[in-house]
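A look at the structure
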Amino acid sequence: MTRMWTTLTTTMTGLGNPQLKLITSAADAQEFLRWMGQRRPLNAVAVDLETGEHPGKPKDDALSPFKGKIRLAQVGDAETGWAIPWEEWSGVFYEAMDAHEGLIVGHNFAFDAKWLTVLSRYKVPWDRVHDTMIASQVTNPASGTHGLKPLTRILVDPAAAAAQEVLDKAFIQHGWTWGTVPITYGPYWQYGALDTVITMKLFLEHFWPKIQPGAQFHEAYQIEISTRQIANGMEIRGARIDVEYCEQKYTELNDYAQSVKEWAHANYQGTNIASAAQLGFAFSKLGAEFTEFTPRGAPSANAEQMKKFALDTDPYVKNLAQQRLAYIKADKVAKSYFLNFMDNHIDGVLHPSIKTLEARTGRMSITNPALQTLPSGDATVRRAFLPFREGEGIVSSDLDQVEFRLTANFSKDEALINLFLEADRVGGDVFTSIMQQIYDDPTLTKEDKRRKLVKATVYGKLYGAGVEKMALQSMVTHDAMQAVVSAFDAAYPGIKRFQKEVERLGSELLRREGQAYVELSSGRRLPADDNRLYALTNYTIQGTAAELFKRNLIEIDKAGLGEYMVVPVHDEIVMSIPKEDAAEAMVTIQECMTTREGYRVPLTAGVEGPFDRWGDKY
């Protein structure tokens, strides 16, 4: 007899008292299959999984399809949710889903799709998949509330959170984990079944009207769903690493960090360079004046303060600050990367988590490992990454100064546009050209250190940084940085006009609609927090760049090269391609990564390889 639950759902007026059912017999399975054949809105069902760790294994294994197991599969619509014990009744799930030809809806379905791909024979039909979390992120990026339970409380029924609360208390009371809670424990399977009902309610009543064909957010949503499918493939395939190299570098960096600690202890009266408190005391004794402080008012030893002290005229202050920065870098690289790689690889392969909508602007990020924060231009960590298979080489394609090129396009500054067009014509470097103009010296080359000041000016402006911040990043004085900024503004006045126009339009929207935002060509809207209009220029540039990069990846996938993608990092896609096919593939990749139509300055990309290691590019 089918187990059902009504105790809590009777109080959920927003959910309409759904039926929740657990399959425990052949009769239940037949009832479920008959239910699957019923007509319903959009012929859509919601799908969800409950996962857990294997007996005696770490609890975190419940989050990895390479280490954990599927315990329940749930299928539901806006009125009924079914829980299917995986070990006993997965065949019923296969039969039902193989026959289903309608839409499949999930919340953070990327998680469930990964488990189904790795641990089941079910082939996820991505062309029919919808995701309410992605829909929430696209339609309301400023919310910060995209989890299923918070959305349920806000949009459906606050009482629906009760199932989670009951389950949380039971876990504490019995010491259960996601791998040990009994399958037949009511609140557990009911919690899972209810999620499918909630997901379908959210989809039909709140998101489908906004993302369906012809709706405001349809195009942006389609970009994100397609990108999510590509990212899932990369997460599952993973990235191969040289474990022995990781062990060697971890030891070297640890030894170096220890030598810096010993140096500081010997030369600065026993100061522990790893201790912010002791550093604060040491710098104060040296007479250094702090400008950065903790929330409690204590002197701060953060990176900003260390960069300021590293410019100090007192050699004792300067040396200690420089060594602190070196210590932090070595310690971080050793632990955040190499130790992380060693702890998390599976047979020499890392399976990173790719968050395709991490930032409001749609920029992606990579965690486990955090490849988005790799030291710029540094080959040390990147040399750990190898081609995926024998006979393959690493191929990398990176957009060329995409945010700066977009700035030229949006600003319509003729001098800047012509500078890019000329650089593209002769194979020059736009930053070097600007440097030559600012310093009135055409003999300056790309290797000149002042080129870094030009880059700092450009990207500082794009990210809304002030002169002081730019100076710190470049490790120069405020006056030196100000001179470059002023010269740049005078040479390319269109950028300031563009910024002012974006803020003017934002101000008009704020007055008329109560919220300031920018709208991208896809229809995606990016609102400013607390109506900080200055952020809208950055959102325009970053949001457009993010969508552009995702469109590029979609084109590469359509060209049949999706299976070779390894990981996206900022505006770079790293791939592992058979060396014999690399030359032809690189031509295709560069075409897919380049956008010319609709832009005064073409949005170009470079492609390099094949390399024996990713780090060889640097």
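Each chain has its residues counted from 1, following the order in which its sequence is written. Since the coordinates come from a predicted model, pLDDT governs what is reported: local features require at least 70, and pairs of side-chain atoms require 80 or more to be given and counted, while whole-chain, interface and lining totals use all residues. Side-chain metrics in this entry use all non-hydrogen atoms of the structure; hydrogen atoms and water are not considered.

Comments concerning the overall build of the chain
Helix and strand labels come from DSSP, where a helix needs a run of H or I of at least four residues and a strand needs a run of E of at least two; each type is numbered from the N terminus. A tally of regular secondary structure across the chain gives 22 helices and 17 strands. Over its C-alpha atoms, taken along the principal directions, the chain stretches across nearly 85 × 60 × 60 Å. Partly exposed residues are those whose accessible area sits between 20% and 50% of the maximum for their type, while under 20% is buried and over 50% is exposed, using a 1.4 Å probe and protein chains only. Per-residue burial for the chain yields a buried fraction of 54% across its 618 residues. Under the convention used here, a 1.4 Å probe and the Shrake-Rupley method define accessible areas, while residue burial counts only the protein chains that appear. Counting every atom, the chain has about 27800 Å² of accessible surface; 49% of that belongs to carbon and sulfur. Positive residues here are Lys and Arg, negative ones are Asp and Glu, while His and the chain termini are left out of the count. Charge positions come from single atoms, namely NZ of Lys, CZ of Arg, CG of Asp or CD of Glu. Here the chain contributes 67 positive and 79 negative side-chain charges, whose respective centroids are spaced 3 Å apart.

What about the layout of surface pockets?
Both cavities and pockets are sets of points on a 1 Å grid over the protein atoms alone; in a cavity a 1.4 Å probe fits but cannot get out, in a pocket the set is open with protein on both sides within 12 Å along at least five of seven lines, and lining residues sit with an atom within 4 Å of a point. Grid points are joined across faces, edges and corners, and a volume is the space filled by probe spheres set on the points. Considered as a void within the structure, the second largest pocket measures approximately 950 Å³ in volume. Lys114, Glu235, Ser353, Lys355 and Thr367 are the residues nearest the centre of the second largest pocket, which is lined by 35 residues in total. Those elements that provide at least two residues to the lining of the second largest pocket are helix H3 (109–119), helix H4 (132–139), helix H8 (218–237) and strand S10 (353–355). By the convention adopted, Pro, Cys, Tyr, Trp, Phe, Met, Ile, Leu, Val and Ala count as nonpolar, Lys, Arg, Asp and Glu as charged, and the other residues, Gly among them, as polar. Partitioned by chemical class, the residues of the lining of the second largest pocket number 14 nonpolar, 11 polar and 10 charged.

Considering the pattern of salt bridges
Criterion for a salt bridge: a side-chain nitrogen of Lys or Arg within 4 Å of a carboxyl oxygen of Asp or Glu. Summed over the entire model, instances satisfying the criterion amount to 38 salt bridges. Salt-bridge contacts for Asp195 lead to Lys149; the nearest nitrogen and oxygen are separated by 2.8 Å. With Asp195 in helix H7 (residues 186–211) and Lys149 in helix H5 (residues 148–156), this pair connects stretches of sequence that are 46 residues apart. Neither residue differs from the other here; Asp195 and Lys149 are each classed as buried. For the salt bridge of Glu508 with Arg512, the shortest nitrogen-to-oxygen distance reads 3.1 Å. In this pair, Glu508 and Arg512 are both assigned in helix H20 (residues 494–513), four residues apart and thus about one turn of the helix distant. Because the salt bridges share partners, they merge into one network encompassing Glu224, Arg524, Glu547 and Lys550.

What about the sheet that holds strand S12 (residues 392–399)?
Pairing is antiparallel in the open sheet, where four strands are placed in the order S15-S16-S12-S17. Of all strands in the sheet, those bounded by a partner on one side alone are strand S15 (565–569) and strand S17 (605–611). Sheet twist, expressed as the average angle between the axes of neighbouring strands with direction ignored, equals 20°. Following DSSP output, two strands are said to pair if at least two bridges run between them. As defined by bridge partners, S15 adjoins strand S16 (residues 572–578) across four bridges and the pair is classed as antiparallel. The partner of Pro568 across the bridge, within S16, is Ile573. Lines fitted to C-alpha atoms define the axes, with helix axes restricted to the stretch in contact, and inter-axis angles between N-to-C directions lie between 0 and 180 degrees.

A short note on the packing of aromatic side chains
Classification of ring pairs rests on two measures: the distance between centres of Phe, Tyr or Trp rings, Trp counted by its six-membered ring, which must be within 6.5 Å, and the angle between planes, read as stacked under 30 degrees, edge-to-face over 60 and tilted in between. This structure, assessed with the given rule, holds 28 aromatic pairs. Residues Phe341 and Phe385 carry aromatic rings whose centres are separated by 5.4 Å and whose planes lie at 80° to one another, so their mutual orientation is edge-to-face. One end of the pair, Phe341, is in helix H12 (residues 315–344); the other, Phe385, is in the loop between helix H13 (379–382) and S12, with 44 residues separating them in the sequence. Each member of the pair, Phe341 as well as Phe385, carries the same accessibility label: buried. Members of the aromatic cluster, joined through ring pairs, are Tyr245, Tyr337, Phe338, Phe341, Phe385 and Trp614. Over the aromatic face of Trp614 sits the side chain of Arg382, whose NZ or CZ is 5.4 Å from the ring centroid. Sitting over a ring, as applied to charges here, requires NZ of Lys or CZ of Arg to be within 6 Å of the ring centre and within 35 degrees of the ring normal. A cation sits over an aromatic face here: Arg382 above Tyr618, 4.4 Å from the ring centre.

So, H7
What a helix should span is 1.5 Å times the count of its residues minus one. With 26 residues, H7 extends 35 Å from end C-alpha to end C-alpha; this agrees with the ideal 38 Å at 1.5 Å per step. Of all bends in H7, the biggest is about 45°, found at Phe203. A large share of H7 lies buried, amounting to 21 of its 26 residues. Here the bend at a residue is taken as the angle between two axes, fitted respectively to the seven residues that end there and the seven that start there.

Remarks on empty space enclosed by the protein
Across all of its chains, the model carries three cavities of 30 Å³ or more by this definition. By volume, the largest cavity amounts to about 70 Å³. Along the walls of the largest cavity sit Gly362, Arg363, Met364, Gln372, Ala545, Ala546, Phe549, Lys550, Pro568, Val569, His570 and Asp571, which together make up its complete lining. Taken together, the elements giving at least two residues each to the lining of the largest cavity come down to helix H21 (535–561) and S15. Looking at the lining of the largest cavity element by element, the count peaks at four residues for H21. When grouped by side-chain class, the residues that make up the lining of the largest cavity number six nonpolar, three polar and three charged. Taken together, Arg237, Gly238, Phe388, Arg389, Glu392, Glu563, Tyr564, Met565, Val566 and Ser576 make up the lining of the second largest cavity.

Let's talk about helix H22 (residues 579–593)
Note on helix geometry: an α-helix contains 3.6 residues per turn, so any two residues three or four positions apart are oriented the same way. In a regular helix each residue adds 1.5 Å, so 15 residues correspond to 21 Å; H22 covers 20 Å between its end C-alpha atoms and thus fits that length. At Ala585, H22 shows its maximal kink, close to 35°. Looking only at H22, the buried set comprises Ala582, Ala585, Met586, Ile589, Cys592 and Met593. Along its buried surface, H22 packs onto S12, H21, S16 and S17. A contact between two residues is defined here by any heavy atoms of the two lying within 4.5 Å.

Thoughts on the confidence of the model for the chain
Known as pLDDT, the predictor's confidence for each residue is given on a scale from 0 to 100. When pLDDT is averaged along the chain, the result is 92, and 97% of the positions lie at 70 or above. Contacts of residues 6–11 to residues separated by more than four positions or lying in other chains number nine contacts, the stretch itself having pLDDT below 50.

As for unusual backbone geometry
Of note, the amide linkage connecting Asn368 to Pro369 takes the cis form, showing an omega dihedral of 5°. Tracing the sequence through the fold places Pro369 in the loop between strand S11 (365–367) and H13. If you check the backbone angles, Asn43 has positive phi at about 50° while not being a glycine. Note that Asn43 resides in the loop between helix H1 (26–36) and strand S3 (44–52). A positive phi is found at Met475, a non-glycine position, where the angle reads about 60°.

Some points on the pairing of S15
With five of its five residues buried, S15 lies for the most part within the structure. In this structure, the hairpin formed by S15 and S16 is closed by a connection of two residues, where His570 is found at a positive phi of approximately 55°.

So, the packing of helix H14 (residues 402–411) against helix H17 (residues 450–462)
Contact geometry of H14 with H17 gives a least axis separation of 10 Å together with a crossing angle of 70°. By the criterion of interaxial angle, the relationship of H14 to H17 is roughly perpendicular. Considering how the two elements wind past one another, H14 and H17 form a crossing that is left-handed. Where H14 approaches H17, its residues Glu403, Phe404 and Thr407 are matched on the opposing element by Val458, Tyr459 and Leu462. Classifying every residue of the contact of H14 with H17 gives four nonpolar, one polar and one charged. Here the word oblique covers every angle except those under 35 degrees (roughly parallel), over 145 (roughly antiparallel) and from 65 to 115 (roughly perpendicular). For any helix crossing, the convention is left-handed if the near helix is rotated counterclockwise from the far helix by under a right angle, and right-handed if that rotation is clockwise.

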